Amino acid sequence: MDIQARLPIALCMIHNFVHRYDPDDFFDPELTEGDLPIELGDELGVLGDGPADAAERRRADERRDNIAQEMWQDYQQELVHRGLQAS
């Protein structure tokens, strides 16, 4: 745990170093919007005007719920893999 607790600070330092000394090289130049998933590629880098509308909140809620469900399934599979839970 001692090492894990230091990781966020170290990553922030690396982020700040790269951002300060080479801000143009911050993102992978080979990564283009065409390589991103559709839901990210369409609105990447666009700031909204005001609060989110109901449709946007619904999309965000669905995305969050899908991520949580995938994480739960991965966790359950890991328990089975470790023999801590029957499949």
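This structure is a prediction, so every number in the text was calculated from the model and none was measured.

Quick notes on the rules
Residues numbered from 1 in each chain as written. Predicted model: local features only at pLDDT ≥ 70, side-chain atom pairs only at ≥ 80, totals over all residues. Heavy atoms only, no water. Helix = DSSP H or I, 4+ residues; strand = E, 2+ residues; numbered from the N terminus. Buried < 20%, exposed > 50% of the residue type's maximum accessible area, 1.4 Å probe, protein only. Areas by Shrake-Rupley, 256 points an atom, 1.4 Å probe, with all protein chains shown as cover. Salt bridge = Lys/Arg side-chain N within 4 Å of Asp/Glu carboxyl O. Expected span 1.5 Å × (residues − 1). Contact = heavy atoms within 4.5 Å. Polar contact = N/O pair within 3.5 Å; in protein donor to acceptor, adjacent residues only side chain to side chain. Bend = angle between axes of the 7 residues up to and from the residue.

It is worth spelling out the overall build of the chain at this point. Per the secondary structure count, the chain includes three helices and zero strands. Element order for the chain, N to C, with α for helix and β for strand: α-α-α. Expressed as a percentage of the 87 residues in the chain, the buried residues total 3%. Roughly 8500 Å² of accessible area belongs to the chain as shown, and the carbon and sulfur atoms make up 57% of that amount.

So, on to the pattern of salt bridges. Applying the stated criterion to the full structure yields four salt bridges. Of the charged contacts in the structure, one is a salt bridge between Asp2 and Arg6, with a shortest N-O distance of 3.6 Å. Taken together, the residues span about one helical turn, with Asp2 and Arg6 both in helix α1 (residues 2–21) at a distance of four residues. Here the residues in one salt-bridge network are Asp61, Arg64 and Asp65, joined through shared partners.

Between its first and last C-alpha atoms helix α3 (residues 54–81) spans 40 Å; for 28 residues at 1.5 Å apiece the expected length is 40 Å, and the two agree. At the C-terminal side of α3, Gly83 shows a positive phi close to 75°.

What follows covers the environment of Gln85. With respect to the helices and strands, Gln85 occurs in the segment after α3. Setting aside anything within four residues of it in sequence, one finds Gln85 in contact with Gln76, Leu79 and Val80. A polar atom in the side chain of Gln85 sits 2.8 Å from the side chain of Gln76.

With 20 residues, α1 extends 29 Å between its outermost C-alpha atoms, agreeing within 8% with the 28 Å of an ideal straight helix rising 1.5 Å per residue. At Pro8, α1 shows its maximal kink, close to 30°. For α1, the tally of buried residues reaches only zero of 20 residues, placing the bulk of the element at the surface.

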